[in-house]
Structure formats: C-alpha cells, structure tokens
Amino acid sequence: MNNCNRRNFIKKFVIGAGGVVMAGLPEKNSFAGVQSIHQIKKRIKITFTDSDFEREPLLQPFGFKGGYLSELWQTISYLKAESGRHSIGLGTQSVLWSDSSIFSSCSESGGNALMYALTEQALQWLKNVTFESPIDLIDQLYADIYEYGKTVTRHPDLRKTFALNALVSVDNALWLLYAGENGIRNFDKLIPQEFHSTFSEKHEKLAAIPLISYNVSPTEIKKEADAGYFFMKIKIGQPGTQVEMLEKDKQRLYEIHTVLKDIRTPYTHNGRLPYYFDANGRYESKDTFNRFLDYAEKIKAFDQIVLIEEPFPEEEEIDVSDIPVRLAADESAHTDKDTIERIQMGYKAVALKPIAKTLSMTMKIAKAATDRNIPCFCADLTVNPVLVEWNKNIAARLKSFPGLDHVGLVESNGHQNYANWDVMGTYLPQYKASWVKVNNGFYNTGKDYYKQSGGIFDPIPHYEKMFANK
C-alpha cells in the first residue's frame, strides 16, 4: 500500500468511534447538503474488505473505439461493518471504454489487471473508515484513486473514467452496506433528499436499447427491429484513418437506413425509428463530422438522427453549439463539474452510467444536467445482469427523453455479447421475475418492479459463496 496516498485519503476525515467528520466542520453538520440533520443516519465503521473477479468471455470480438474486446472482467467487492453485517458489490471493467490508450498499450488482461489494482487499493483505504452516506466518500476516494492510477498505469494523462470504472463495485458495496445498516429495502429511500427531484419519475416500462457494433449485419439489425426494439445504439467511428473511417461510417449509415427507413413505431412523435449513433470520440474535426451529417442529409436519414454520442476527442474541448443535431456527453462527463463544462460547450444530452462511473457520482452528474434542463438516459457498459438492474433503477426514474412518449430509456446489450449470458442471469435470485427480461423491446417496470427495486437488495448466493469464510 502506498502510505502517502492513504494519508491523503484519510486526512480529509477524522476517523474514530464518533464517525467520519469532514475536516474543519462541526460534527453535526458533517454531511450538510446530503442528509438533513433531522434524518440522522447510522454511522458505519468498515472493519474488513476483500475482493475477487471473474473473467467472462464474449461471443465474438466486440468492436468500438477502433479496438476489439474479447472478454470482460466482473469485479466483486466485499465490505464488513463493525456490526458484523456485510455487503457485496459488483462491477464490470471496460478498459477500452474507460481509457483506450491503456487498452492499446498493453495486453487485454494486463489492462484489466491494472484497473483491478485500483479497486483493490480503494478497498484497502476503506478499512477502519466510518461513514454515514456513501456519497460523502466518493469525491475524495475518487480523487486519490485517480492519482494512484496515474502511478500504477504510468499514464499521467489517465482518463478519469478509468478510476471511476474501478470504483463501481466498491461504491455499490458501500450503498448496500448503508442500506442494510439503515434497514432500507427500497431504492427510492436509498436516494438522498437533494436528488429526489432528479429521480422523480416512475415509468411503467423502459425501452431497451440494443447495441449495434461494427460487425452486426443489416439483416441482424432488421431482426432486432422486428423483435420490438425501436431505439438502437449504432457504433460509428470505425478503425482506420479519418478518411477511411468516414467512408466506412457513410457506408454503414446507408446500410442501416436502407433496412430501417420504412419501419414505424408508436413510441416516437413522428412515428419513425430514431437513430442513435455513438462515435466514441473518433472524429478529430468538425469538418469530417459535418461531412458525415451532410451524407445523412443526402440519403434522407438526417431527420431520424435524434442523438450522436461523443463525436470528438474529449481533450480537444471543441465547442459544439453550432452542430445541428443533439450531441450527448458520455465518457467526457466524468463528474458533475465536467458535465457542466460539457453543457456549456453545447452538449444537449448526457448518457448516465451508474454501472461505470459509480451510483454516487451519477447522482451528482444527473442533478447537474437536469437542473439545467438537459435530458439524461442510461447507457450500458455491457454489464452483467445484476448491474442491469442497478441501471434500470436509475433509468426508470428519469424524465422521458425528448421525442418519446411516456417511456424511459436504458441501454442493455449484454445478451448480445456475453457467451454465458443465460448462466449469468440465473445468479439473480429473482431471475424469473416479469421485469428481468425484455418483452417486445421493453422492460416492464410496473408496481412489482418498484416494490422489489429490481431485486438489488437481495443476497446473491453465487457471490456470497466466494466470501463464505470471511
């Protein structure tokens, strides 16, 4: 353990029998703005931590950002409180998504090992820490893990999402421990008061967004539409030079529009299928990107483009206020502060990823966006079935995306990509519940779903067995 970094984390807190108190503030007001002083929550001391991971192979190489994944590591974080109660949180690592430079600079397993090292370090730092609410820990824990990650990876320009991705299982374990210690079994009661207006909806169904990667054929895309999916996420920004990429993307758009242009849906205002593209920062200039949009106009596909995610490299900080389509920030909206900066640059939507940037940070990001009337939706990271339910709990409570009628949006593509998806699904204690699987392109999120909170508070025997002797 790096003692200097550990001191940097714990110096922000006074740790003892009385709990965690932000340095320089009176104890009674230590969590002002997160919990009302009239809603005193239990102080929880973490006495033991542990972790593990599983390697899950993909059905075929999964392409985006000009690279290809063959497997995804599922990380498991274990926390035990002084009371004897424990919790287990899950995460899915995606090194290619979170920092493509790390992915390309070492082996696939090597990149995963580096991210897992950050998870393990965060757990080490949490030993003997006392807290009242997970959201009070996230800023400093994230900041220190990010700095630690720069050292471990030897990348001084490490992307912030790499650190956040590493913290998902840790953060989920903190929330579940907090819920258990305070007798919470309902997601609405888990949400701190200041975020209630951000997550105020109760959609009865969520439109499931499948992911169309580079190697999904037009015939397969048509099958998805025939199965009831109407809002599909299509990867662009293909491998090659900028010239090669543009030509490939134009051809891809032509193929997709040819098979989808005449299909109709009752769930959009204009009755046509919306096109949602994700470029993952592959377009290096406005000129190249505008040529893609010009081609969309030429083949009469432009009016169906409702959203394009992250067209430009984050570090370029390109003002996009003059781009004639709605652009969404995803990776670049690392934190609430980054989200506000992206909105000021002209981004008009935010892709939330509680399953990739932690639930704690996502609450802050969503509030920053919705306070400025910027719509949000939940994107996937090709996560496991358990994390899909965490994502759905957020998606079901967001306001409807512009152009849609009374439905929520959540991306879910694990069923398309994991070799063992059906087996992974059985890990859910309620895997046979009506709200678990997609039906005609939608997840059912009615009364039973909200009552059960997607089953996220239920112990999962598959993972409990890993730590049975702890």
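For the structure, see preceding data.
These lines cover the structure that appears in this document, whether it is placed above or below. (Residues numbered from 1 in each chain as written. Predicted model: local features only at pLDDT ≥ 70, side-chain atom pairs only at ≥ 80, totals over all residues. Heavy atoms only, no water.)

Here helix α4 (residues 108-126) is 19 residues long and its end C-alpha atoms lie 28 Å apart, about the 27 Å a rise of 1.5 Å per residue gives. Turning to α4, its buried residues are Glu-108, Gly-111, Asn-112, Met-115, Tyr-116, Leu-118, Thr-119, Gln-121, Ala-122, Leu-123, Trp-125 and Leu-126. Where α4 ends, the next residue or the one after it, Asn-128, has phi of about 70°, a positive value. (Helix = DSSP H or I, 4+ residues; strand = E, 2+ residues; numbered from the N terminus. Expected span 1.5 Å × (residues − 1). Buried < 20%, exposed > 50% of the residue type's maximum accessible area, 1.4 Å probe, protein only.)

On to the layout of surface pockets, then. Taken as a whole, the largest pocket encloses approximately 640 Å³ of empty space. Contributing to the lining of the largest pocket are 25 residues, with Arg-159, Phe-312, Pro-313, Glu-314 and Glu-315 lying nearest its centre. If you list the elements that add at least two residues to the lining of the largest pocket, you get α3 (100-105) and α11 (336-344). The greatest single-element share of the lining of the largest pocket, amounting to three residues, is contributed by α11. Residues belonging to the lining of the largest pocket are distributed by class as follows: three nonpolar, seven polar and 15 charged. Reported here for the second largest pocket is a volume of approximately 390 Å³. Lining the second largest pocket are 23 residues, with Leu-176, Ile-456, Phe-457, Asp-458 and Pro-459 positioned closest to its centre. Sorting the residues of the lining of the second largest pocket by element identifies β5 (86-92), α6 (160-181), α14 (385-395) and α18 (461-464) as the ones contributing at least two each. (1 Å grid on protein atoms, 1.4 Å probe; cavity = no way out; pocket = protein on both sides within 12 Å on 5 of 7 lines; lining within 4 Å. Points joined across faces, edges and corners; volume = space filled by probe spheres on them. Nonpolar A, V, L, I, M, F, W, Y, C, P; charged D, E, K, R; others polar.)

This part covers the packing of aromatic side chains. In total, this model carries 24 aromatic pairs according to the counting rule given. Look at Trp-125 and Tyr-148: their rings are 5.9 Å apart centre to centre, the planes differ by 70°, and that puts the pair in the edge-to-face class. One end of the pair, Trp-125, is in helix α4; the other, Tyr-148, is in helix α5 (residues 135-153), with 23 residues separating them in the sequence. You can call Trp-125 buried: its relative accessible area is 0%. In this structure Tyr-148 comes out as buried when scored by relative accessible area, which is 14%. Three or more aromatic residues joined by ring pairs form one cluster here, namely Phe-230, Phe-231, Tyr-267, Tyr-276, Phe-377, Phe-401 and Phe-442. For the cation-ring pair, Lys-202 lies above Tyr-450, with the distance from its terminal atom to the ring centre recorded as 5.1 Å. For Lys-205, the ring lying beneath its charged end belongs to Phe-442, and the centroid distance is 4.8 Å. (Phe/Tyr/Trp six-rings, centres within 6.5 Å; stacked < 30°, edge-to-face > 60°. Lys NZ or Arg CZ within 6 Å of the ring centre and 35° of its normal.)

Another point: the nonpolar core. Membership of the largest hydrophobic core comes to 153 residues, with the highest contact counts inside it found for Leu-190, Leu-260, Tyr-283, Ile-308, Leu-352, Phe-377 and Trp-390. It is α6 that contributes the most residues to this core, 13 residues altogether. (Core = buried A, V, L, I, M, F, W, Y, C linked by side-chain atoms within 4.5 Å.)

What follows covers the side chain of Asp-338. Relative to the helices and strands, Asp-338 resides in helix α11. Taking relative accessible area as the criterion, Asp-338 reaches 8% and is therefore assigned buried. Discounting chain neighbours no more than four positions away, the residues touching Asp-338 are Lys-160, Ser-332 and Ala-333. (Contact = heavy atoms within 4.5 Å.)

Another point: empty space enclosed by the protein. Any space left empty among the atoms is revealed by the rolling of a water-sized probe across them. Taken as a whole and judged by the stated rule, the model has four cavities of 30 Å³ or more. Lining the largest cavity are 19 residues, with Phe-64, Lys-235, Asp-380, Leu-381 and Thr-382 positioned closest to its centre. Here the residues of the lining of the largest cavity are counted per class, giving seven nonpolar, four polar and eight charged. In this structure, the second largest cavity spans a volume of roughly 50 Å³. Lining the second largest cavity are Glu-54, Glu-56, Gln-74, Asn-384, Pro-385, Val-386, Met-424, Tyr-427 and Tyr-463. Contributing elements (two or more residues each) for the lining of the second largest cavity: β3 (44-64) and α14.

Without other data, these values stay purely geometric and don't point to any function.
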